[in-house]
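For reference, the chains in residue letters:
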Amino acid sequence: MAVLAIDQGTSGTKAVVLDPEDGIVGVAETAINPRYLPGGGVEQDPAEMLESVLDVGRRAIAMAARPIRAVSLANQGETVMAWDRDSGRPLTPAIVWQDRRAEGICADLAAHTEFIAERTGLVLDPYFSAPKMAWLRRNLETTGVVTTSDTWLIHQLTGAFVTDVSTASRSLVMDIDELRWNRPLLELFGLEDEPLPDIVSNDQIVGTTNAFGGDIPVGGLVVDQQAALLAEGCLTPGMAKCTFGTGAFLLANTGAAAVRSQYGLTSSVAWRTGGTAVYCTDGQVYTAASAVRWLTSLGVINGAQDLDKVAAANSDGVLCVPALAGLAAPWWRSDATAALSGMTLSTGREHLVLAVLEGIAAQVAELVSAVARDTGAPLTRLRVDGGLTQSRVLMQATASILQMPIDVYPSPHATALGAAALAELSLDPGRAIEDVSPPWQPSSTYEPQWSPDRATEFRAAWRTLASTTFAPRKTR
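The structure displayed is predicted, hence computed values, not measured ones.

Some words on the packing of helix α1 (residues 46-64) against helix α5 (residues 149-158)
In the contact formed by α1 and α5, the axes pass within 11 Å of each other and the chain directions differ by 55°. Viewed along their axes, α1 and α5 adopt a mutual orientation that is oblique. Judged by the twist between their axes, the crossing of α1 over α5 is right-handed. The segment α1 lies against α5, with Pro 46, Ala 47, Met 49, Leu 50, Val 53 and Leu 54 engaging Ser 149, Trp 152, Leu 153, Gln 156 and Leu 157. For the contact of α1 with α5, a count of residues per class yields nine nonpolar, two polar and no charged.

As structure tokens, this is what we get:
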């Protein structure tokens, strides 16, 4: 008997049926279209989100044509919404993790930055859940409950009112050491009177659903990026992966320690299984595939499939900081804007495409350097997954700029497979996590082609350009 894993993401929802004997036996996916609003707003339709979960789950099961033992869900992590707990009816759109409208709330709490970081391991930024929850309460809806989107989806499936510990750790209101909601933090955001969901482990059964036929246990809830970390076998401290999706997300396993970053990264719960929490440090690049979509919208390329065909062999001095939605870690400058330099009359679209791809890779390199400084242990290899790993040019640029080998995960379903592994654990919590994370061989490995001196020179020039994309902070 198989498990159904659903990966509910920013631009689409995917379902995978995994059989312990036969591997992947069913796959279905569908697109979701976020709305990008003036003022930094990004929203999704909850009804579309739920319909996508039900649709892909049912189609994947039909393809698999076998009984399902459990259902798991990987979620976006920081997307929030208000809804009526009695009826389950959405009261607002889903406010997506990319949404920047809570910047004012974060600015008002700037004096509490160090306290928040020490308690949560996170940076005070609208990227995380609590500022968006507070903004929603002040601007959109005062009734019902306000939670991350996973809680609403699980309630629709099972009637439970829960969130998993990895998702809660992305909120700015959970104590990362005690793994529970923290009242002083809730008070800072004006959320102390909100009914909050129970925090559950990642190997816990939270209820049953009949949405996919019969009464099937639901367990293995997890944030999408942590699910990919598990699927890629980053199970010991010092192992890291980067997912190249809408954004790029680098996570490094730090074991039993929740590292308080001194270099602009954040710490979260990777997973809690068998009663034990494992932590990760992470950094984000806001625009990866979204930068490719921007190139497409300008007519520079027809789509991601054109990247390698169009990209120049050499950028001819053109540099790009693709900060089209600001810069995340390690800068945390939402006011940053994109920048291009080094262009001449001989610059063509091929140089622009390569510069954007090298700009994405350069941001990942900054994250890798921050991990090394925070942990005292430089990374020696990086595992990667996500749609943009299909671009050989991007992967080669990443290896050359990072000066380390890049191993490409052989399946496009890393997030769903990580959630499926946790579903297996939820059915048999006595198993070790190593038992449900099978070994794998990379589909491709990229070695650095640049000399260390060239990589150092490029990164210095790129950092200089990045520093021009935002104004110096005002001192009081």
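Structural notes on the pattern of salt bridges
Applying the stated criterion across every chain, the model contains 23 salt bridges. The salt bridge involving Arg 100 is made with Asp 125; its shortest N-O contact spans 3.0 Å. Here Asp 125 lies in the loop between α3 (113-120) and α4 (129-139) and Arg 100 lies in the loop between β8 (94-95) and α2 (103-108), a separation of 25 residues in the sequence. A single burial state applies to Arg 100 and to Asp 125, both of which are buried. Two residues, Asp 308 and Arg 392, come together in a salt bridge whose shortest N-O distance is 3.9 Å.

Considerations on the packing of aromatic side chains
One pass over the structure, following the stated rule, counts ten aromatic pairs. Between Trp 97 and Phe 249, the ring centres sit 5.5 Å apart and the planes meet at 75°, which makes this aromatic pair edge-to-face. Taken together, the residues Trp 97 in the loop between β8 and α2 and Phe 249 in strand β18 (residues 248-255) connect sequence positions 152 residues apart. When sorted by exposure, Trp 97 lands in the same class as Phe 249, which is buried. The interplanar angle of 80° and the centroid separation of 4.9 Å between the aromatic rings of Tyr 409 and Trp 440 together place this pair among those described as edge-to-face. One end of the pair, Tyr 409, is in the loop between β24 (406-408) and α13 (414-427); the other, Trp 440, is in the loop between α13 and β25 (444-446), with 31 residues separating them in the sequence. We classify Tyr 409 as buried; its relative accessible area is 10%. Judged by relative accessible area, Trp 440 falls into the buried class, the value being 16%. The side chain of Arg 85 reaches across the aromatic face of Phe 161, ending 3.9 Å from its centre.

Concerning the packing of helix α9 (residues 289-297) against helix α11 (residues 349-375)
Where α9 meets α11, the closest approach of the two axes is 10 Å, and the angle between their N-to-C directions is 165°. The orientation of α9 relative to α11 falls into the category roughly antiparallel. Our pair here, α9 against α11, has a crossing hand that is right-handed. On α11, the residues that touch Ala 291, Trp 294 and Leu 295 of α9 are Leu 352, Val 353, Val 356 and Ile 360. Taken together, the residues that form the contact of α9 with α11 break down as seven nonpolar, no polar and no charged.

Rules and cut-offs
The numbering scheme is per chain: residues are counted from 1 as the chain's sequence reads. Selection of residues for local features in this predicted model requires a pLDDT of at least 70, selection of side-chain atom pairs for listing and counting requires 80 or more, and totals for whole chains, interfaces and linings are taken over all residues. Note that the side-chain values use all heavy atoms of the structure and ignore hydrogens as well as water. Inter-axis angles, ranging from 0 to 180 degrees, are taken between N-to-C directions of lines fitted to C-alpha atoms, where helices are fitted over the stretch in contact. Think of it this way: any DSSP run of H or I at least four residues long counts as a helix, any run of E at least two long counts as a strand, and we number them from the N terminus. In this scheme, roughly parallel covers angles under 35 degrees and roughly antiparallel covers those over 145, while 65 to 115 is roughly perpendicular and the rest are oblique. Crossing chirality is assigned from the near helix's rotation relative to the far helix, an anticlockwise turn below a right angle marking it left-handed and a clockwise turn marking it right-handed. Here, two residues are considered to be in contact whenever any of their heavy atoms come within 4.5 Å of each other. Classification convention: Asp, Glu, Lys, Arg as charged; Ala, Val, Leu, Ile, Met, Phe, Trp, Tyr, Cys, Pro as nonpolar; all other residues, Gly among them, as polar. A pair is scored as a salt bridge if a Lys or Arg side-chain nitrogen falls within 4 Å of a carboxyl oxygen belonging to Asp or Glu. Working definition: with a 1.4 Å probe on protein chains only, accessible area under 20% of the residue-type maximum means buried, over 50% means exposed, and in between means partly exposed. Here a pair means two rings of Phe, Tyr or Trp (six-membered ring of Trp) with centres within 6.5 Å. Their orientation is stacked below 30 degrees between planes, edge-to-face above 60, and tilted elsewhere. Consider the ring centre and the ring normal. A charge sits over the ring if Lys NZ or Arg CZ is within 6 Å of that centre and within 35 degrees of that normal.

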